Every structure is written in C-alpha cells, then in structure tokens.
Amino acid sequence: MALRTGEEYIASIEALDLEANVLGQPSGDLAAHPLVRPSLRAVAVTYDGAHDEELAPLFRVHSPLIDGEVNRFTHLHQSKDDLVNKVLMQRHCGNRTACCFQRCVGLDAANAVYSVTYECDQARGSDYHGRFRDYWAWVQRQDLVVDGAMTDPKGDRGKRPSEQADPDLYLRVVDHRPDGIVVRGAKFHQTGMLNSHEILVMPTLALRAGEEDWAVCFALPADAPGLRYVLGRQASDTRKLEGDPIDVGNPTFGGQEVLTVLDDVFVPTERVFLDSEVEWSGPLVERFAAYHRQSYGGCKVGVGDVLIGATALIAQMNGVARASHVRDKIVEMIHLNETLFACGLACSARGQATEAGNYLVDLLLANVCKLNVTRFPYELARLATDVAGGLLGTLPAARELDDPELGPYVRKYLAAAGGWDPLERVKVLRLIENLVAGAGAVAYLVESMHGAGSPMAQRIMIGRQAGLDQKIELAKQILGIGY
Ligand code: SF4
C-alpha cells in the first residue's frame, strides 16, 4: 500500500467504527465526536508530513524489513541518523499541532519489542522475533497507527502483581488454548488509543519467577471483541462542545487519553510476542521507556516552541516586548527548551545497534532528557504565565466581544498595543491558557511529569547507568589515594 495521506488515515479510523464511553455515555459516532475529532486531526499531521515535498526526507524512509519506503512513524531505526531524524520529525509535529500527536508510542514499543524478542529467542529458543517481524512488516505495509500499551492500574503499589487483592490489576494471561491465549486486565493512560488501528501490549514492570502470567506481550486490532474504552477527561474539555473554537485555545488540534479494558480477550498465537518469559519483561520496559524518554526531547520541544512564540506575541500585544526583564524571560524559555532538544539529540547521537540490528538510544542520556522534561516545561509555563499577565485567568468568553450591549465595552477595554485587534489578543491568551492550565496542559505538563515514567523512574535509571564507581576511581587517581 502507498503511504496514506491524513485524509485517508481519518477515513480508515472512521471505518473501524470503534465505540467508547465519553463523559459517562456511549459516544455514538466516535470519530466525529468533538472531544475526539481534534486528536484525530493531530495524528493526521503525522501522515501528511510524508506527502510534503520539503519534509519527505524526514518522514519517508527505506525499511529493510519490507524493502520499501515507509512512514518514519513505523520505522525500525537502522542508524544513529534515524534516531536523530525521529526527534527532528517529532519537533516538527509539535510545532504543527501544539499538542500530543499520539503516534510515537507504537513506534517506540515496536523498536523495543523487536530487539527484546530477538534476544529472548537467542536465549530461550522461542520464535517470537519471527512472529513480530511478520506482524510489523504488515503494519509498515498498511501504514497503521499502533497504540503502545504499558501502564497497568497497579492497585496497591506496595504489592507485587500476585499479592494484589485483585490479580487483574496487572494485565495477565487467564487461559492458554491450542491456538492462542486469553488475557484480562486494563491499561491506563492510553495515548491516542481511539485513533489507533492496533494495540501492542507490554508488561508494566520487571517481573520475577512466579509472576509468569503477567509476563505477556501481544498485539490486537483496536476493534477486537472484549476491548472496552473510556475516554479520559481533560481540563476545560467541554469548551470543545460549546462551538466556539477561540475559547478552546487550540482551535484545530488536541490530544487523547483512554482507559482501555481487556475483558477476557483472545489473542491468536501469531500475535503473541512474550508469554511467561519473566526475565525479558525488565529489558522490554527499560527499552520502551528509553525510546519514549528520547521522544519527549522532540515533541515537548515542538510544543514549547509554540508556547514561546505565543508568549513573545502576547508581550508585543501587551506593549512590554522591549522590557529587559521580559526579553530575559523569553530567552530563559528558549534556553530551557533547547536544552531539552539537546538531550533528545544527544541520546540519539550516542545510540547503539542492538543484537537484532535496530538502534537503541543511549539509556543514561535518554533518562537525563526525560528528567529535565519533568521540570523545564513547568518552568516554561510559569514564565509564560508571568509574561501573559493576570488576564490569563480572568478573560471573558470570546463571544462577549460580539454581545450587542457589552461587546463594545469588552473590546474597548481589551485594547492591545501595536494595532492588534482585541480578538487576536484573546486568541493568543487562550492558546497560552490551553497549554499551561487547559486541555493542552495534559500533554504539555502532566504527561511531561508522568509520561514514559515518573521522575523517580528516571532517577533510578540514572543512578544505575552513570558508572559512579568509575567516577570515584577518577577522584582517587587525581588525589593518589586508596591504592
Ligand atoms: Fe508522541 Fe510526545 Fe505524544 Fe508521546 S507525548 S505520543 S512522544 S507526541
């Protein structure tokens, strides 16, 4: 199949006719739902990039798996350049959408599953890697969106899966059949699930002997029987139901998070990529997390560019763009944003080939990248709020500007510097609000904190990867002590 366009992608999701609960009710036509449609349009940007002549070198790449051209969002990285280009592509998509464009999770999951299944087969004599290669070649040829599903509900975090009052709080195998397995459980935080053709499920933590039922990795079509979906709420999301795109802040695009329930779902053998190999759950979690921590060095930077631009624009509209403290705050925002980008590039440039042949990012630097992401977007949001001023929290609704009686007063007192129309000033303020306190803050702030693992997970990995003993030796050598 030729690479799909954004329009063809949207038509393919509409044809899936998925069902979900939205705001406590069956959604009806899900793809057309005002809470879902903006997120569908954001994913479409990842398809349209492949048809833009200027962007083609970034979005189109040769895949040795099918010996053909694929969208980079389905590519198995073949070099350090591929890793770098992934980050550049994500920054571009963040620039275009100012939100989460959702398609990276499946890409990161695929690269992790590809190398882990290879190594598992080498050690165990299993045949998972061949199955995954066949599956992913099909994904590439069909140019699909795959939801990467990792986070289990976890219940009592102080207990292992087998110690939970309800063993389903970690997704598990409940039955083995001659032709496949039956799984039960749920996955939280499923970014873009309702905009995906497929779901690729992975374990949520490093498992131990005795926890074999939970060591499972597999893929399913998004419309498989037994899959149930509940759309997550986002701050100010019902503004999307009010019919005024200005108050939404981001008039075209948005993200999507979903609670996904797997209610005794059958998975055929050819779609099972781990089943009871507890020792491979840890590497799978670690590699997926590392790829997605790298991803944030692209996507969050792209969104940060938009926030910086909106902040500089509102400073002009407020007539304070030349004030030295405002200029300094904007430079600080740029510095923080480019630091994140540098981390995303650095962990890519220091990537290495896995035994399976695809490339993995540098684990230490990917974790440094993400740990910075847990902080810097919050500081960018604080600085944007500072520069934008208190109107960010007190602005009347956009439709007030058209009120026959009070509209003239609202327009008069929202007068902007530099000849800007008051409505344009409202639009910029609403975009900043969207990113620092509205629906866009789900991806830009909460996800920056917890997506791809919470800060403590990165600290643990940094502690493990940093080679502290070697640093102690360096200090001892300089001082000539301890020998
Ligand atoms: Fe992609 Fe960023 Fe969204 Fe993750 S949070 S899916 S990396 S856009």
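These numbers come from a predicted model, not from an experiment.

Analysis parameters
Residues numbered from 1 in each chain as written. Predicted model: local features only at pLDDT ≥ 70, side-chain atom pairs only at ≥ 80, totals over all residues. Heavy atoms only, no water. Near = heavy atom within 4 Å. Nonpolar A, V, L, I, M, F, W, Y, C, P; charged D, E, K, R; others polar. Pairing = 2+ DSSP bridges. Helix = DSSP H or I, 4+ residues; strand = E, 2+ residues; numbered from the N terminus. Axes fitted to C-alpha atoms, helices over the stretch in contact; angles between N-to-C directions. Contact = heavy atoms within 4.5 Å. Salt bridge = Lys/Arg side-chain N within 4 Å of Asp/Glu carboxyl O. Buried < 20%, exposed > 50% of the residue type's maximum accessible area, 1.4 Å probe, protein only. Patch = residues over 30% accessible without salt bridge, like charges linked within 9 Å, V, L, I, M, F, W, Y side chains within 5 Å. Areas by Shrake-Rupley, 256 points an atom, 1.4 Å probe, with all protein chains shown as cover. Phe/Tyr/Trp six-rings, centres within 6.5 Å; stacked < 30°, edge-to-face > 60°. Lys NZ or Arg CZ within 6 Å of the ring centre and 35° of its normal. Arc of directions from axis to C-beta. Expected span 1.5 Å × (residues − 1). Parallel < 35°, antiparallel > 145°, perpendicular 65-115°, else oblique. Left-handed = near helix turned anticlockwise from the far one by under 90°. Core = buried A, V, L, I, M, F, W, Y, C linked by side-chain atoms within 4.5 Å.

A. Spotlight on the site of the ligand. Surrounding the ligand, one finds Cys 100, Phe 101, Gln 102, Cys 104, Val 105, His 292, Ser 295, Tyr 296, Cys 299, Lys 300 and Glu 447. Broken down by class, the residue content of the shell around the ligand amounts to six nonpolar, three polar and two charged.

B. Summary view of the sheet that holds strand S12 (residues 272-275). Taking strand neighbours across the sheet as the criterion, the four strands line up as S5-S8-S9-S12 in an open arrangement whose pairing is mixed. Each having just a single partner strand, strand S5 (146-149) and S12 make up the two edges of the open sheet. Averaged over neighbouring strand pairs, the angle between their axes works out to 20° when direction is ignored. The sheet contact formed by strand S9 (residues 216-221) and S12 spans three bridges and is antiparallel. When the sheet's bridge partners are listed, Cys 217 is paired in S12 with Leu 274. Running over the sheet, helix H6 (residues 128-142) touches S5, strand S8 (198-201), S9 and S12 and is turned about 145° from S12.

C. Representation of the pattern of salt bridges within the structure. A complete count under the given rule lists 28 salt bridges for this structure. Asp 168 is the salt-bridge partner of Arg 184, the closest N and O atoms lying 3.7 Å from each other. Placement of Arg 184 in strand S7 (residues 180-187) and of Asp 168 in the loop between S5 and strand S6 (172-177) is noted, with a sequence separation of 16 residues between them. The exposure class assigned to Arg 184 is partly exposed, which follows from its relative accessible area of 26%. When salt bridges that share partners are traced, they join Asp 168, Arg 172, Arg 184 and Asp 264 into one network.

D. Expanded view of the pairing of strand S3 (residues 60-63). Side chains Val 61 and Ser 63 project from S3 onto a buried face, and the interleaved Arg 60 and His 62 project onto a face without burial. Alignment of S3 against strand S4 (residues 68-71), held across four bridges, turns out to be antiparallel. Its bridge partner being in S4, Arg 60 is matched across the sheet by Asn 71. In this antiparallel pair of consecutive strands, S3 and S4, the connection spans four residues, and Asp 67 shows a positive phi of 50°.

E. Layout of a nonpolar patch on the surface. A contiguous nonpolar surface patch, about 390 Å² in accessible area, is contributed by Leu 406, Tyr 409 and Tyr 413. Structurally, Tyr 413 can be placed in helix H13 (residues 407-413).

F. Region of the structure containing the packing of aromatic side chains. Using the criterion set out here, one finds nine aromatic pairs in the structure. Ring centres 4.7 Å apart and planes at 10° place the aromatic pair Tyr 9 and Tyr 47 in the stacked group. Within this pair, whereas Tyr 9 is found in helix H1 (residues 6-16), its partner Tyr 47 is found in helix H2 (residues 37-48), the two being separated by 38 residues in sequence. An aromatic cluster of three or more residues is present, and its members are Phe 132, Tyr 135, Trp 136, Trp 138 and Phe 273. Stacked on the ring of Tyr 47, the Lys or Arg Arg 103 has its end atom at 3.9 Å from the ring centre. Positioned above the aromatic ring of Tyr 296 is the side chain of Lys 300, whose terminal nitrogen or guanidinium carbon lies 4.6 Å from the ring centre.

G. Geometry of helix H16 (residues 455-465). Residues of H16 that are buried include every one of Gln 458, Met 461 and Ile 462, and no others. Taken around the axis of H16, the buried residues stretch over an arc of 100°, which confines them to a single face. Of the residues in H16, the exposed ones pointing more than 90 degrees away from the buried face are Met 456, Gly 463 and Arg 464. On its buried side, H16 packs onto helix H8 (281-317) and helix H10 (363-373). Looking one or two residues past H16, Gly 467 carries a phi angle of roughly 65°, positive in sign.

H. Molecular detail of helix H11 (residues 376-388). In this model, H11 (13 residues) spans 18 Å end to end at C-alpha, consistent with the 18 Å of a helix rising 1.5 Å per residue. All of the buried residues in H11 are Phe 376, Pro 377, Leu 380, Ala 381, Leu 383, Ala 384, Val 387 and Ala 388. Axial view of H11: buried residues confined to an arc of 165°, hence all on one face. Elements in contact with the buried residues of H11: H8, helix H9 (324-349), H10, helix H12 (391-394), helix H14 (422-436) and helix H15 (440-450). One or two positions beyond H11, positive phi appears at Gly 389, with a value near 90°.

I. Quick look at the packing of H8 against H11. Running from N to C, H8 and H11 cross one another at 15°; their axes reach a closest spacing of 9 Å. When the interaxial angle is binned, H8 and H11 end up roughly parallel. H11 is crossed by H8, and the crossing has left-handed handedness. Across the interface between the two elements, Gly 304, Leu 307, Ile 308, Thr 311, Ile 314 and Ala 315 from H8 touch Leu 380, Ala 381, Ala 384, Val 387 and Ala 388 from H11.

J. Spatial organisation of the side chain of Ser 39. If you trace the backbone, Ser 39 turns up in helix H2. Exposure remark for Ser 39: the relative accessible area of 0% places this residue in the buried category. The residues touching Ser 39, leaving out its near neighbours within four places in the chain, are Gln 102, Asn 195, Gly 254, Gly 255 and Gln 256.

K. Molecular detail of the nonpolar core. In this structure, Tyr 9, Phe 132, Trp 136, Val 183, Leu 200, Phe 218 and Leu 220 are the most contacted members of the largest nonpolar core, which totals 81 residues. In terms of residues, this core owes the most to one element, helix H5 (residues 104-124), which gives eight residues. Apart from the residues within four sequence positions on either side, Val 183 is in contact with Leu 171, Arg 172, Val 173, Val 174, Phe 218, Leu 262, Asp 263, Asp 264, Val 265 and Val 267. Membership of the second largest hydrophobic core comes to 61 residues, among which are Leu 3, Met 89, Val 373 and Val 436.

L. Spatial organisation of the pairing of S5. Here S5 shows a buried face lined by Val 146 and Gly 148 and a second buried face lined by Asp 147 and Ala 149. As paired strands, S5 and S8 are joined by four bridges and run parallel to one another. Considered in S8, the bridge of Gly 148 is made with Leu 200.

Purely geometric numbers; function is a separate question.
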